[in-house]
Amino acid sequence: MNKKQIENLLSQMTLDEKIDQLLQLAAAFYSDTAEEKTGPMSELELTQEAINNAGTTLGVSGAKEAKRVQDQYLKNNRLNIPLILMADIIHGFRTIFPIPLALGCSFDPTVAEAVASISALEASVSGLHVTFSPMVDLVRDPRWGRVLESTGEDSFLNATLAAAFVKGYQGDDLKNDLTKIAACVKHFAAYGAPIGGRDYNTVNMSERELRQNYLPGYKAAIDAGAKLVMTSFNLIDGIPATANRWLLRDVLRNEFGFKGVVISDWGAVKETIPHGVSATEKEAARLALVSGVDIEMMTSCYNHSLEELIKEGIISEELVDESVLRILTLKNDLGLFENPYRGANEERESETILSVDHRKAARDIAKRSIVLLKNNNILPLQANDKVAIVGPGASSNDVLGAWSWQGKQEESVSLADGAKKCSKNVVIGKEKFDYFEPSEKAIEEAISLAHQSEKVVLALGEPEWMSGEAASRSDIRLPKAQIGLFKAIKSVNQNVIVTTYNGRPLDLSDVDEAEAIIVAWFPGTEAGNALADVLWGSFNPSARLSMSFPESVGQVPIYYNVNNTGRPYESAPNEKYVSKYLDCSNYAKYPFGFGLSYTSYDYNNMELSQNRMNKDETILVSITVQNVGKMAGEETVQLYLQDIVAEVARPVKELKAFKKVWLEPSESKKVTFEIDEKLLRYVHSDKTARSDDGQFKVMIGGNSRDLLEKVFDYRN
Ligand code: NOJ
């Protein structure tokens with residue numbers, strides 16, 4: 001259909017039909033089994049007609065079911081307007097990839113694109129049209145359970161990966177390429193900054209900070225063509241994002257030029273009542289629609305009140321028309337008017353989903369996301385090393401992570417299974433090992449196996465339910481029983497290698513004395529194979545932390561791009577009146593960008609092509625990176641900048657570029673970056689982004705802490 005035809009269709013719709021298009025309901029509403037039709041259905045108090053005509057749904061999947069639901073929908077729909085099927089496909093559909101925070105550690109947009117592309121392939125064949133991804137909320141507080149859904153603490157890395165996710169989901173021709181699905185960037189905006197890391201809590205930040213660090217990720221996804229934006233649950237300067245006209249109309253639509261569909265998060269329209277900005281459902285509906293929310297997810301304020309609001313002249317019908325037009329346009333962009341089933345294909349479903357190729361990609365990507373934090377020359381393991389694999393993570397299939405809706409634990413590979421393929425000299429405990437309350441028998445067995453072996457892989461961490469939505473923690477240490485286990489094992493065998501499954505950065509001080517530490521995150525379906533590849537060295541780890549690991553929870557929020565303060569710690573660490581703690585350092589235990597490999601890299605000969613730069617010029621910064629170890633590997637060369645004196649105090653460093661280089665043993669390569677005026681911009685007090693004259697520090701290295709530096713002068 002062309003624009004005119006869509007407008008024509010809109011003109012034939014009754015007000016009721018239009019209002020129904022703005023409603024999104026969960027899969028249970030469409031189920032044909034009576035017992036599932038309970039719960040939210042009754043709470044929403046919707047007429048059967050509204051349910052039949054709700055414009056979009058969430059959580060229906062499977063080619064057969066998708067077709068059934070679409071058929072049933074079209075049968076009821078007077079104008080043959082198809083239904084959109086949406087769902088949360090966050091890090092894989094059935095083939096589960098590492099959690100997004102881990103994907104961030106790959107520092108590799110091709111990884112994000114590949115994950116999104118395979119997710120789209122599996123989801124589309126199962127009949128889905130839209131995913132609620134990418135989630136690009138910038139995160140600085142590991143207490144927040146949803147840090148796992150983000151790609152981390154840095155706005156440049158987030159933005160780079162956000163664009164790659166959108167490209168992977170949507171491709172270049174969404175309408176005709178049936179293997180693609182539309183992307184919905186979320187949660188707009190700043191959902192990743194709840195005070196105290198407590199989910200759904202208030203966000204309080206300046207508009208300048210919002211624009212500087214938090215908005216670029218969403219903007220990058222929108223610029224890459226994301227078709228939808230989801231509002232967040234939180235307040236933005238006292239006004240819920242879902243009722244925030246400034247955010248959704250002035251910034252999103254007018255400034256960013258977003259033309260797609262805005263959808264509320266689950267229940268967020270009605271939640272403006274407990275937030276305290278609307279007294280009734282009717283007021284909530286008015287506020288959200290006027291602010292720019294097109295689709296209301298899983299509450300019925302629009303459905304109950306919009307007609308009345310229009311009749312009373314409080315809002316105009318044109319406002320509803322605008323939203324409906326955007327929804328119809330999305331249906332058209334997905335090609336649903338011509339082909340309401342889109343990619344749903346029962347025959348192709350079984351050969352596509354969890355295919356050998358997808359599993360291969362999942363293993364490869366998991367390896368690239370696993371971070372080696374410490375290694376006292378104990379890793380990689382040798383095939384003839386006698387190794388015990390013990391602890392709660394040893395035989396666990398709880399490796400998928402919180403957003404693995406269609407993923408199945410029984411299809412995943414445990415560390416024990418992966419390890420057995422790498423070495424004949426592994427022994428694995430037979431007793432079931434609980435993460436919190438392991439049995440005496442399980443502990444005894446673990447200690448005895450450790451005692452009899454040369455090296456011990458102690459698999460610790462969090463089970464899946466400890467991170468994700470509504471899973472904030474005030475204590476980010478390992479569970480007590482695991483700390484006790486570490487000490488007991490260490491007392492019988494000094495060669496302890498700790499691995500962790502985790503959805504957030506942890507305080508790992510309790511296992512500081514391990515000889516090696518590997519953070520595996522939730523690696524997904526191929527977890528055990530990928531982790532074993534890293535442990536036995538068939539893969540040389542290359543991942544870098546996308547989020548800092550604190551020394552203790554008291555330092556949280558902790559992030560690398562801090563301001564210097566007026567009393568910097570570095571200037572006089574032993575002075576009392578400097579910005580510091582009495583009982584711990586200011587620094588992350590393992591900072592952003594950090595990660596070891598089985599080789600090491602030297603950085604030398606940092607050079608600038610010139611020491612002065614004018615507005616239209618560029619400076620080339622080069623550095624020689626050499627592999628000085630014995631194993632080939634991939635290094636992530638990171639470039640940071642600091643505007644030394646500016647109108648607004650600028651952070652001591654900010655990531656502006658990175659490049660990955662492959663180096664054989666002894667090989668060295670010159671890596672060159674280009675600095676132009678755009679890289680020097682920042683958000684000024686008047687909220688515009690531009691650059692200032694003056695001195696800039698440019699820093700290059702393999703993590704955000706260990707950097708070589710030079711200074712140059714810039715004149716506009
Ligand atoms: C609530 C979550 O905040 C959001 O991320 C998700 O997409 C929706 N539920 C739909 O499941």
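Residues numbered from 1 in each chain as written. Predicted model: local features only at pLDDT ≥ 70, side-chain atom pairs only at ≥ 80, totals over all residues. Heavy atoms only, no water.

With that out of the way, let us pick up the overall build of the protein. Across its full length, the protein carries 20 helices and 26 strands. Computed over the C-alpha atoms, the radius of gyration of the protein is 26 Å, within 12% of the 27 Å expected from 2.2 N^0.38 for a compact globule of 716 residues. Considered along the principal axes of its C-alpha atoms, the protein spans approximately 75 × 65 × 45 Å. Here the protein holds 716 residues, and 62% of them are scored as buried. Long-range pairs, those at least 24 residues apart, make up 77% of the contacts in the protein between residues at least 6 apart in sequence. Only carbon and sulfur atoms are counted for the fraction: they give 47% of the accessible area of the protein, which is about 27,000 Å². (Helix = DSSP H or I, 4+ residues; strand = E, 2+ residues; numbered from the N terminus. Rg over C-alpha atoms; globule rule 2.2 N^0.38 Å. Buried < 20%, exposed > 50% of the residue type's maximum accessible area, 1.4 Å probe, protein only. Contact = heavy atoms within 4.5 Å. Areas by Shrake-Rupley, 256 points an atom, 1.4 Å probe, with all protein chains shown as cover.)

Turning our eyes to something else, we now look at the site of the ligand. Around the ligand, the neighbouring residues are Leu 58, Asp 88, Phe 132, Arg 146, Lys 186, His 187, Met 230, Phe 233, Asp 265, Trp 266, Met 297 and Glu 469. Here an oxygen atom of the ligand sits 2.5 Å away from a polar atom, N or O, in the side chain of Asp 88. Residue Asp 265 places a side-chain N or O atom 2.5 Å away from an oxygen atom belonging to the ligand. Within the complex, the protein chains bury 94% of what would otherwise be the 300 Å² of accessible surface of the ligand. (Near = heavy atom within 4 Å. Polar contact = N/O pair within 3.5 Å; in protein donor to acceptor, adjacent residues only side chain to side chain.)

Per the domain assignment, the segments of the protein are domain 1 (17-348), domain 2 (354-364 + 372-544) and domain 3 (599-715). Of note, the centres of domain 1 and domain 3, computed from C-alpha atoms alone, are 37 Å apart. Facing the 13 residues of domain 1 at the interface are 15 residues of domain 3. Across the contact surface, domain 1 and domain 3 share 0 salt bridges. Seen at the junction of domain 1 and domain 3, the total is 3 residue pairs in polar contact (both at pLDDT 80 or more). Only α8 (155-170) and α9 (207-223) provide two or more residues apiece to the side of domain 1 that touches domain 3. Element by element, the count of residues in the side of domain 1 that touches domain 3 is highest for α9, at 5 residues. (Domains from an automatic or database assignment. Salt bridge = Lys/Arg side-chain N within 4 Å of Asp/Glu carboxyl O.)

Looking now at the side chain of Glu 122. Relative to the elements of secondary structure, Glu 122 occurs in helix α7 (residues 109-125). We note that Glu 122 is buried and unpaired, the nearest opposite charge coming from Arg 94 at a distance of 7.0 Å. (Lys, Arg positive; Asp, Glu negative; His and termini not counted.)

Another aspect to go through is the sheet that holds strand β15 (residues 496-501). What the 6 strands build is an open sheet, ordered β11-β16-β15-β14-β12-β13; its pairing is mixed. Edge positions in the sheet fall to β11 (371-375) and β13 (426-428), since each has one partner strand and no second. Sheet twist, expressed as the average angle between the axes of neighbouring strands with direction ignored, equals 20 degrees. The pairing of β15 with strand β16 (residues 516-519) spans 4 bridges and is parallel. (Pairing = 2+ DSSP bridges. Axes fitted to C-alpha atoms, helices over the stretch in contact; angles between N-to-C directions.)

Successive side chains on a regular strand alternate, one facing one side of the sheet and the next facing the other. Counted residue by residue, strand β5 (residues 182-188) has 7 buried out of 7 residues, so it is predominantly covered. Summarising the sheet, strand β4 (residues 130-131) and β5 pair through 2 bridges and their orientation is parallel. Paired with Val 130 across the bridge in β5 is Ala 182. Taking the sense of rotation as the criterion, the β-α-β connection linking β4, α8 and β5 turns out right-handed. Of the crossover connections in this fold, the one passing from β5 over α9 to the parallel strand β6 (residues 228-231) is right-handed. (Right-handed = clockwise from strand over helix to strand, strands pointing away.)

Bringing α9 into the picture now. The first and last C-alpha atoms of α9 sit only 21 Å apart over 17 residues, clearly below the 24 Å expected at 1.5 Å per residue. Within α9, 13 of the 17 residues are buried, which leaves the element mostly enclosed by the surrounding structure. Immediately beyond the C-terminal end of α9, within one or two residues, lies Gly 225, with a positive phi of roughly 105 degrees. (Expected span 1.5 Å × (residues − 1).)

Our focus in this paragraph is the pattern of salt bridges. Under the counting rule described, the total for this entry stands at 45 salt bridges. For Asp 141, the salt bridge is made with Arg 143, and the minimal N-O distance between the two is 2.7 Å. In terms of burial, Asp 141 and Arg 143 fall into one category: buried. A salt bridge links Asp 385 to Lys 455, with the shortest nitrogen-to-oxygen separation between them at 2.8 Å. Of this pair, Asp 385 sits in the loop between β11 and β12 (387-390) while Lys 455 is found in strand β14 (residues 455-461), placing the two residues 70 residues apart along the sequence.

For Ser 448, the position within the fold is in helix α18 (residues 440-452). Note on Ser 448: relative accessible area 31%, which makes it partly exposed. Along the primary structure Ser 448 and Glu 351 are separated by 97 residues, whereas in three dimensions their C-alpha atoms are 45 Å apart.

Here the focus is the nonpolar core. Membership of the largest hydrophobic core comes to 123 residues, with the highest contact counts inside it found for Leu 25, Phe 188, Leu 252, Tyr 302 and Leu 306. Counting residues per element, this core draws most heavily on α7, at 8 residues. The residues contacting Leu 25, other than those within four sequence positions of it, are Tyr 30, Leu 44, Leu 46, Ile 51, Ala 54, Thr 56, Thr 57, Leu 58 and Met 298. In this structure, Ile 428, Ile 483, Leu 535 and Phe 549 belong to the second largest nonpolar core, which totals 79 residues. (Core = buried A, V, L, I, M, F, W, Y, C linked by side-chain atoms within 4.5 Å.)

Our next topic: the sheet that holds strand β3 (residues 84-87). The 8 strands are arranged β9-β6-β5-β4-β3-β2-β1-β10 in an open sheet whose pairing can be described as parallel. For this open sheet the edge positions go to β9 (261-263) and β10 (296-297), each flanked by a neighbour on one side alone. Across 2 bridges, strand β1 (residues 23-26) lies against β10 in parallel orientation. Note that in β10 the partner of Leu 23 across the bridge is Glu 296.

Attention shifts here to the state of the cysteines. Tallied over the full model, the rule gives 0 disulfides. For the unlinked cysteine Cys 184, the closest cysteine sulfur is that of Cys 301, found at 19 Å. Since its relative accessible area comes to 0%, Cys 184 is described here as buried. (Disulfide = S-S within 2.5 Å.)

Turning our eyes to something else, we now look at a nonpolar patch on the surface. Taken together, Ile 644, Val 645 and Val 711 make up a surface patch of nonpolar side chains, about 240 Å² in accessible area. Position of Val 645 relative to the elements: it lies in the loop between β20 (633-643) and β21 (654-663). Given the relative accessible area of 62%, Val 645 is considered exposed. (Patch = residues over 30% accessible without salt bridge, like charges linked within 9 Å, V, L, I, M, F, W, Y side chains within 5 Å.)

This part is about the side chain of Asn 529. With respect to the helices and strands, Asn 529 occurs in helix α20 (residues 527-535). The contacts of Asn 529, once residues within four sequence positions are left out, are Arg 363, Val 413, Gly 418 and Lys 421.

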